[in-house]
Amino acid sequence: MSDPFSYPPVRLRENSHPAHQIDESASGMISIFKCPKCNANLVATNSATNKTYCCVNNHSFDMAKEGYLNLLLAQHRRSRNPGDSDDMIRSRRRFLKTGYYHFLANSIVSHVLQTGDNQKVLDMGCGEGYYLQQLRQASNQLDLCGIDISKTAVRLTAKRKMGAQLAVGSAFNLPLHNDSVDIAMSVFSPISVTETARVLRPGGRLIMVGPGERHLAGLTAKIYAQNVPHRGNNIDNSLALFSPQGQLDIKDTISVKDADILDLLKMTPYYWHAQPEQQDQLKNLQRLQTDVHFTIKSYQLK
Ligand SMILES: C[S@@+](CC[C@H](N)C(=O)[O-])C[C@H]1O[C@@H](n2cnc3c(N)ncnc32)[C@H](O)[C@@H]1O
Ligand SMILES: [Zn+2]
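Quick look at the structure, then. (Residues numbered from 1 in each chain as written. Chains lettered and ligands numbered in written order. Predicted model: local features only at pLDDT ≥ 70, side-chain atom pairs only at ≥ 80, totals over all residues.)

1. Here's the deal with the overall build of the chain
A tally of helices and strands in the chain yields nine helices and 13 strands. The burial tally for the chain puts 41% of its 302 residues in the buried class. The contacts of the chain with a sequence gap of at least 6 include a subset with a gap of at least 24, amounting to 62%. (Helix = DSSP H or I, 4+ residues; strand = E, 2+ residues; numbered from the N terminus. Buried ≥ 20, exposed ≤ 12 C-beta atoms within 10 Å, placed from the backbone. Contact = placed C-beta atoms within 7 Å.)

Okay, structure coming up:
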């Protein structure tokens, strides 16, 4: 893999707009991302550094030192720090690192690789980058990109240095060109069906991962009087644009230990529903046995 600190550039297509202020020697290094203000191509102003990307209308975006662009405009942000809180993101990073969800990652990887590895894959709401990294470990050929509305999440993803193109952006205003992605995936993240359809090439695939009915039943039993299944991200009401290609339910029972229990709680919306004494009880628990149940749904753009 090339220098992990550099942002992976791609060559400017002949019909792309030439940007102003571009160093000639750059010979047009163009980002996969588009300008969020005017939709034009974003091109590196200097190919040696790839530190600043600029469009034909002189909207300019600096690459963060970790290697991502912040393309979230103020009007697309509902709060100062949108998305999951830093605490949730860090809990998710620690929990996923322990490998409890490795079997889900394997299944996502095989879904993606079903159509080969020469593909451009977009992870929408990529979080701290666990699933992108699993894809990179499975193949160096995949052209990976990810967006998340949380800057902390994208920064942590970028620190993985896996040669993915990354941006802070919203799934509801994807900073990508039309028809530019082969596979879009969403793992427990919000999704806009129309935006996803816009960026997927004709015939492109959407892979959605959400909770099945039994997901974390052992954890919710400690919080609610009866099992409350986590509401997943679902596009079943929007099948005008996508044809369903199949659904796979995968289940396991995991035995979560010590501090991982609180991390698991904190990375889910259940944390906000748990009373302080329930949080304390979970914090002091040494083992939590729980079902994990995921649903992987595949769709094809019509
Ligand atoms: C439950 S987490 C899942 C993260 C990651 N896919 C994973 O499974 O590890 C949901 C993620 O969606 C992000 N998110 C929330 N609203 C978003 C939006 N409008 N656009 C993009 N990402 C968003 C959050 O910041 C968070 O990282
Ligand atoms: Zn612009």
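2. Digging into the site of ligand 1
By nearness alone, 18 residues border ligand 1, and Gly83, Gly125, Gly127, Ser150 and Ala171 come closest of all. Per-class residue counts for the shell around ligand 1 are nine nonpolar, six polar and three charged. (Near = placed C-beta within 6 Å. Nonpolar A, V, L, I, M, F, W, Y, C, P; charged D, E, K, R; others polar.)

3. A closer look at the sheet that holds strand β9 (residues 165–168)
What the eight strands build is an open sheet, ordered β6-β9-β8-β7-β10-β11-β13-β12; its pairing is mixed. Of all the strands in the sheet, just β6 (69–70) and β12 (242–257) have a single pairing partner and so form its edges. Pairing analysis gives three bridges linking strand β7 (residues 120–124) to strand β10 (residues 181–187), with the strands arranged parallel. From the neighbouring strand, leucine 122 faces β10, where its bridge partner is alanine 184. Docked against the sheet, helix α3 (residues 130–138) engages β7, β8 (143–148) and β10, running at close to 175° with respect to β8. (Pairing = 2+ DSSP bridges. Axes fitted to C-alpha atoms, helices over the stretch in contact; angles between N-to-C directions.)

4. Examining the pairing of β8
Summarising burial for β8: five of the six residues are buried, a large majority. Of the strand pairs in this sheet, β7 and β8 are connected by five bridges, and their pairing is parallel. Paired with aspartate 123 across the strands is glycine 146, a residue of β8. Of the crossover connections in this fold, the one passing from β7 over α3 to the parallel β8 is right-handed. (Right-handed = clockwise from strand over helix to strand, strands pointing away.)

5. What to know about the pairing of strand β2 (residues 29–34)
By the criterion of burial, β2 is predominantly enclosed, with six of the six residues buried. Linking β2 to strand β3 (residues 41–44), which pair antiparallel, is a turn of six residues; within it asparagine 39 sits at a positive phi near 75°.

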